[in-house]
Structure formats: structure tokens, C-alpha cells
Amino acid sequence: MLSLAMGVILWLVSANLQQASAKPTADRVVYADSLASGWSNWSWNTTVNFNNTSPVFGGSKSIAATLNQAWAGLSLRTDTPVLPSQHYTLTLRVHGGVGSPKQLRFYVQENDASGAVGQYDFTVAAGTWMAITRTFADLGDPAQVARITIMDRAGFAQGTFYVDEIRWLSAPSSVSLAVTVTIQASNVLTPFLPDMLASNLPAWLGPTRFGNATFHARTAASGLTLLRLPGGSWSNSYGWLSCEMGSNQPGVEPCGPVSASWAPWASRPTDFINFLKATGMRGMWVVNPNSTSKEAAALVAFMNGSVNDSRLIGTDIRGTNWYTVGRWAALRVAGGNPDPVGIKLWEFGNEMYASKSSTASSSSAGLCVGWAWEDTWTCDGYEYVNGVGSGSSRREGYLEFRQQMQLVDPTITLAAVGMEYPGTPSDVGGPTYSGWGSRVISAAGAHLEMYAIHPYPFFNLPSLMSQVLASPQTHWPTIMSHVRSAFNIYGGGRQAPVAVTEFNLVSVSSQDTGQWMTRAVNALFLADSLGQAAQQGAVLFAQWDLANGRDGSSGSEYGLMHEDNGFFRAPQYYVYPLWSRFGTRMVEATSTADPASQVSVYAGWVNTSTVSLLAVNKMATPVIATIQTPGFGPLIGGMKWQIVAASLGAQNVTYNGVLNPTDDLSNAPPTALTVSGYSTTQVLPPYSVTLFHLQQPPPSYPPRVWTPIVRR
């Protein structure tokens, strides 16, 4: 039962919505090609041109504001103040002009005599438009707004900036939905683990890009914690020692196919180590399954070993001597990395269920699918686990690799290649890849440490972006149900941890003909997918990939950043700064909205004083969300981080109101919230992802009572 105070709050919200709905108002324009009637120029020490023709964001004209001295300001005033009962959000665009970035301060005033409220400091880069969206809540809930100001905050004359499309959005005629969200902070659903914030880093980017300072800074600021290495299908042909030495070495795996050696230009293991160090990331390595178990063990020694470790690795089945752990640790030290890297997560091969029949063992070739793409040695999940053949021609399986690698470092975990549709062991071909997953689960048994899947939801793009946004709500429960069922049937009920080691919107970038992976639709989709994967119990979630390279036919790009455009951050990049602040546990959150087509929500436990709510608004119109926190509170404050897109097709978004923020995101701080009681009402802008932190007073502890000890 709701408390009386909560009931009054909800009644007031409902009454206000009903009253406003009865008398809808239009958006109130302040400037769109001209200063609207009723608004006047109250600027100071600023030259203002309301008829500027370039640059322009919308229409044919914009405002040019030249700051002639320190603390100058552009200020617009009306005799008819804006009321929160009629308009709820101010939107505008600001352009940085030429030269240095403009350091500006935004605020409003209730009347001529009142002080500044809703202060928002921002920096807008030269040559770019920046979107600013401020709700009445962001402004500190003033009773009205009579004046809007943007002024210098640098302390000197900064020159000219531009402003366009200033308008107050109407309420609630533009609001399609009023939503009630309830956070049950005491009902823990699942841990939210650091490895859910992962991506992939491929070797084909090369050492030069790996050393790029912008790439480093933007990776470090992303909120990611883990990078899977050295890169998808390349992992199955990446001979680590040959790649490290820069040429193919005798008796070991080559660095890439013999017909197209990567050794002269691909990133070396040392380059990966240096990138991890420069960005603060942890690594996960996919070992080459075409190599030997002792070659993989030597790689563990290279990454994690000590130069003083004299333990023998020994000679492999092909006659190559891998000497001692210390030998390979010394090679790492020679590359400039004296300390062990400490890579604890490993994976045995990449997508081996799709081995080509031409490279697979004769005993498994009949199980291979016609559309296969991997140059690996088996299509049989049983063989993958146990190996096949004998002598120098033997192919060692998961169990042998695991044994040899853990002899070097017993603390590592080796994930096995699984399949999101495990099928049955009797399957041949088809979508289960001859029951690959069920065979792996059955053969590995209790030795299966982690089950890795790549559940890309689309091969071809659907007809509507709304289908993309709806898919996470059914995709993840379906997949995880298949996997859990297979463990129950073929694994004796033991549920191994499930790791998503690759994920994005489409599996083949050439099929992304609309470049949807580079657009805002993918940011909303990824934010929701990550939440669903966590809710369904995944322990690791690695987006594909950090930076990739553009597809030659479709022009699409998988990457969070675009290596061909100064490491430009795609909309999906900004999902991770939000999720990285979600907390350590996912708790129960319910909503009156449809999560597939309207708003999906996830709640987290940050600490004893803070809960979080991540909300994905999939709609073209804003949503008024009343967030209730029964059993947690009373609320005393909060913060808000937000991604907003102008449309699902937009290839840029604002992060905390800033378009293209600085590399470390420092010029796009979160917004402080004024909240109280056990609920708060917040606006979710169209096509947005919002993370709220809601705070209660810290727990009080009884004072310590000191009892003297008397010694006799």
C-alpha cells in the first residue's frame, strides 16, 4: 500500500497531466529564423545579429553572438514568462564558430530581479553544432522562466558563437506516455559484473593505431573494463610467437596464413600489452586452436610468467621445444614489460562450429555447414573437446589445452566455444551447427569452465528500426533458455558461466546496407541488450568491437570508434559511460511501459546510499516517468547521465547535452537532481538512454562504547 504522501504526489502528477491534456499547448518558439514575438534582446557587451545566414542549423538563419569582452552575454527576455504547466523542456543548438572552443555558461532567471538558476557550464568546439536540452527539473524547478542567457565564462572576449532553433517543448501534447517505474532495491536479481563492460580489439588495426593518443584517451574514458584479443577469426590464424618476432618462426604457428602473412604489419602481443597498460584495461586472449597446447602454454608464460620461473613446458607433439616459463617471460621483459600482465580469461578458438569442410578432420567433415568461414580443424563438438588423431598429426582439444595452460598458471579460466542454439548431439548441419553446443557441454562435463557464445540477432537488417529496438526483449530470454536447457539435459544440470564474447546488431557488416550499426538506433539497442544479457545471467558481455575498419561494400562499421575518422565516437560508444555507473547488483525494477516498444528499465545497487535506474526511451516523443523507491529513502538528491539522439538514424548523439565532448568527457558532467521523499518525476527525452542515481541518507551506526580493561 502506498503511503499518504506518495498517494498525494501521484494524484498531483495525474491531475496535472489530465489538466494539461485537456488544454494542450503548442511548442513555444523563442528563435527560428527570427526572434519570436514577445521576446527581446537584453544582451550586454555582445554584438548580436538575428539574421545570420551561415552557419545555420535549421531553416535559413541563426543568431550570431560576438562576445566583445570578458563576461559578456547573449540574453533573451520575455514579458510573458514560460510556465512549467505548459512547457517542460528548453531545446537549442549552439555552434562554436571558428578558432578555439567557446567556454560558455547557460542559465535562466524567473524575473528581472531574481538571480541565475539552472546554471550549466559547457564548452562547444569550433565548427560543430551542440544540442542543449534542459528540463524544468534540470533548471532547479523554477516557478517560471522570463530570461534565457548564454555568457562568457573564460574571462576574456572569445569572439563569435552561433545559436539556432530555441524553443520550449509543449506539455503534455508532445508527451505520448506517463510511466510509473518502481524500484525494489532490496530484491536483488543478479550480480552486475565488471566483465559485462567489455569489447574486442583486433590485431589488424596495427601498431600505429594501437599507439594513437586519442584512441588511448577515449578508450580509457569509455567505462570499459575488459578487451578480448587478438581479434575474431584472426585468432584462429594468429601464431603469437611469429607475430611477436615479426616473421614466421620455424616449428610454430605462422603469423597469419602463409599466403598472406600478417607478421610485417599486424599488432604484436607486446603491442596489445602496451595498449592495455595505456588504457587501464584488462585482457582476454583467444588462443589459436590450430597450434599446440604447449605453444598456448608458452603464451600464458609470456603474459603471466616470471623470468625466475624455471618450470619446464617441454616439447610439443610436433617436436618443438618450448623450454621454460621463464624463457617466455624474459621475451616479454625484452619488449619493455617487466611486470606480468596477469591475463586471467582465455578462450579456446573462435567460432569453430563454423569450420570449413576443407580444413576439418575427415571424421567431422560431414558435419560442416556449407556456409562455413573458419579455417579450423573440426566441425564436431566432441572432437573440439577431446581432440582427434595421433602422433605429430594430432589435433589437441579443449581439455589438453586447458591442462597445459593451467600448469603454467592455475588461476586462469579457459572458455570453450559454445553455440547459442545448442541443439542435440544427433543434429547434422542446420542452425545448431550439428548440435555443436550440446556436444561440447556433454563432452566437457565438469571441466567446462565457461561457455562462450556470439548471439548476433540479425544477418539481414529488418524492415523497420522499431523491430531492432523490440528484439532484445525476446532475443535474450530465448537464447538463455536454450543454453540453460542444454546444460540441464547434457551437462547433468550443472550450469557453467555463459560469456557473450562477441555481439553487435548484425553478424556480417556487408549486410548492414543502411549503416545502422553507426546510428543512434544501435546505441539504444546495445544499451537494452546489455541490460537483458545481465538480467538473464550472462557473466561477460563483449561488444564487437572497439574499432574495426569500414566495410568496403556497405560502408558500415562495427566499432565503438571509427579508426578512419580520427577515432570518432559512434553513438553506441556512449552506452558504456552510463552502464559503467550502474552498480554492482541488478535489483528489481517494474514499469507500466511496454519494454519492447516504449521504455525499458533496469535498476542497480550502487552502494548503501545510492540506487540507479537506467531507462531506454525507444519512442519519438518524451515520456514523463514517475520513479518510486518504496523501502529506499527518503531521497535527498541524485545525478543524471544521458544520451539523446535527434532521430534513430542520427550518426551523432549528445552526451549530457554535449555533442562530441572532450576525449575524457570532462566537459560533459552529469546533472544534479533535486529530489525528495520516495518518488521523483523525470522527463525521458525522445530516443534517449538515461542513467539516474538516486540517493538516500547514509546509514547511521550506533556509537561505539569503549569498555576499559582492568588488569590485575
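Here we summarise the structure given alongside this text.

Thresholds applied
Numbering of residues begins from 1 in every chain and follows the order in which that chain's sequence is written. Local features in this predicted model are restricted to residues whose pLDDT is 70 or higher, and side-chain atom pairs enter the listing and the counts only when it is 80 or higher, whereas totals over whole chains, interfaces and linings include all residues. Computation of side-chain values covers all heavy atoms of the structure but excludes hydrogens and water. Elements are defined by DSSP. Helices are runs of H or I of four residues or more, strands are runs of E of two residues or more, and each kind is numbered from the N terminus. Note on method: radius of gyration uses C-alpha positions; expected globular size equals 2.2 Å times residues raised to 0.38. When checking whether two residues touch, look at their non-hydrogen atoms; a contact exists if any pair is within 4.5 Å. Only the protein chains shown count as cover for residues, and the accessible areas themselves come from Shrake-Rupley with a 1.4 Å probe. Two rings from Phe, Tyr or Trp (for Trp, the six-membered ring) form a pair when their centres are within 6.5 Å of each other. A pair whose planes differ by under 30 degrees is stacked, one over 60 is edge-to-face, and the rest are tilted. Exposed residues in this analysis have more than 50% of their type's maximum accessible area, buried residues have under 20%, and partly exposed residues fall in between, with area computed by a 1.4 Å probe over protein chains only. Strand pairing requires that DSSP identify at least two bridges connecting the strands. Lines fitted to C-alpha atoms define the axes, with helix axes restricted to the stretch in contact, and inter-axis angles between N-to-C directions lie between 0 and 180 degrees. Note on terminology: pairs of cysteine sulfur atoms within 2.5 Å are recorded as disulfides.

### As for the overall build of the chain
Inference 1: Of regular secondary structure, the chain possesses 14 helices and 32 strands.
Inference 2: Taking 712 residues into account, the globule formula puts the C-alpha radius of gyration at 27 Å, and the chain, at 29 Å, falls close to it.
Inference 3: Along the first, second and third principal axes, the C-alpha atoms of the chain reach 90 × 75 × 65 Å.
Inference 4: Put simply, 74% of the contacts in the chain that link residues at least 6 apart link residues at least 24 apart.
Inference 5: Carbon and sulfur atoms make up 54% of the accessible area of the chain, which amounts to about 26500 Å² in all.

### Focus: the packing of aromatic side chains
Inference 1: Applying the stated criterion to the full structure yields 38 aromatic pairs.
Inference 2: With centroids separated by 5.5 Å and ring planes inclined at 50°, the aromatic side chains of Trp322 and Trp328 adopt a geometry described as tilted.
Inference 3: Owing to a relative accessible area of 7%, Trp328 belongs among the buried residues under this scheme.
Inference 4: With a centroid separation of 6.5 Å and an interplanar angle of 25°, the aromatic rings of Tyr384 and Tyr398 are classed as stacked. Residue Tyr384 is located in helix H8 (residues 381-386), and its partner Tyr398 is located in helix H9 (residues 398-408); the two are separated by 14 residues in the primary sequence.

### Some thoughts on helix H5 (residues 269-279)
Inference 1: Within H5, eight of the 11 residues are buried, which leaves the element mostly enclosed by the surrounding structure.
Inference 2: Pro269, Thr270, Asp271, Phe272, Ile273, Phe275, Leu276 and Thr279 are the residues of H5 that are buried.
Inference 3: A positive phi of about 75° marks Gly280, the residue just after H5.

### Thoughts on the pairing of strand S7 (residues 102-109)
Inference 1: Burial within S7 is extensive, with six of its eight residues counted as buried.
Inference 2: The sheet contact formed by S7 and strand S8 (residues 117-124) spans six bridges and is antiparallel. Of the residues in S8, the one forming a bridge with Lys102 is Val124.
Inference 3: Note that S7 and strand S10 (residues 145-152) share six bridges and pair antiparallel. From the neighbouring strand, Gln109 faces S10, where its bridge partner is Arg147.

### Observations concerning the sheet that holds strand S15 (residues 282-287)
Hydrogen bonds between backbone atoms are what pair the strands of a sheet, whose relative direction is either parallel or antiparallel.
Inference 1: Strand order in the closed barrel made by the eight strands is S13-S14-S15-S16-S17-S18-S19-S20, with parallel pairing throughout. Adjacent strand axes in the sheet meet at a mean angle of 30°, parallel and antiparallel pairs treated alike.
Inference 2: Two strands pair when backbone bridges link them, and strand S19 (residues 498-500) and strand S20 (residues 540-543) are joined in this way by two bridges, in the parallel orientation. If you follow Val500 over to S20, its bridge partner there is Phe541.
Inference 3: Sitting on the sheet, helix H12 (residues 472-490) is in contact with strand S18 (450-453), S19 and S20, with an inclination near 140° to S19.

### A short note on the state of the cysteines
Inference 1: Counted according to the given criterion, the structure contains two disulfides.
Inference 2: Put simply, Cys243 and Cys255 are joined by a disulfide, and their sulfur atoms are 2.0 Å apart. Judged by the torsion about the S-S bond (95°), the Cys243/Cys255 disulfide is right-handed. A residue pair is termed long-range when its members are at least 10 positions apart, and Cys243 in helix H4 (residues 240-245) and Cys255 in the loop between H4 and H5 qualify at 12 residues. For the pair Cys243 and Cys255, a shared accessibility class is recorded, and that class is buried.
Inference 3: Residue Cys368 pairs covalently with Cys379 via a disulfide, S to S 1.9 Å. On the S-S bond that ties Cys368 to Cys379, the torsion sits near 95°, and the link is right-handed. Taken together, the positions of Cys368 in the loop between strand S16 (345-348) and H8 and Cys379 in the loop between S16 and H8 put the pair 11 residues apart, joining distant regions of the chain. This pair shows no difference in class: Cys368 is buried, exactly as Cys379 is.

### Brief notes about the pairing of strand S5 (residues 73-82)
Inference 1: The element S5 is largely enclosed, with a buried count of seven among its 10 residues.
Inference 2: Bridge analysis of strand S2 (residues 39-41) against S5 gives three bridges, and the strand direction is antiparallel. Looking at the pairing, Trp39 lines up with Thr78 of S5.

### Remarks on unusual backbone geometry
What is expected of a backbone is that most residues other than glycine have negative phi and most peptide bonds are trans.
Inference 1: A cis amide bond links Ser54 to the next residue, Pro55, at an omega of 0°.
Inference 2: In this fold, Pro55 is placed in the loop between strand S3 (46-52) and strand S4 (62-67).
Inference 3: Following Leu229, the chain continues into Pro230 via a peptide bond in cis, with omega recorded as -5°.
Inference 4: Structurally, Pro230 can be placed in the loop between strand S14 (226-229) and H4.
Inference 5: Phi is positive for Glu165, which is not a glycine, with a value near 50°.

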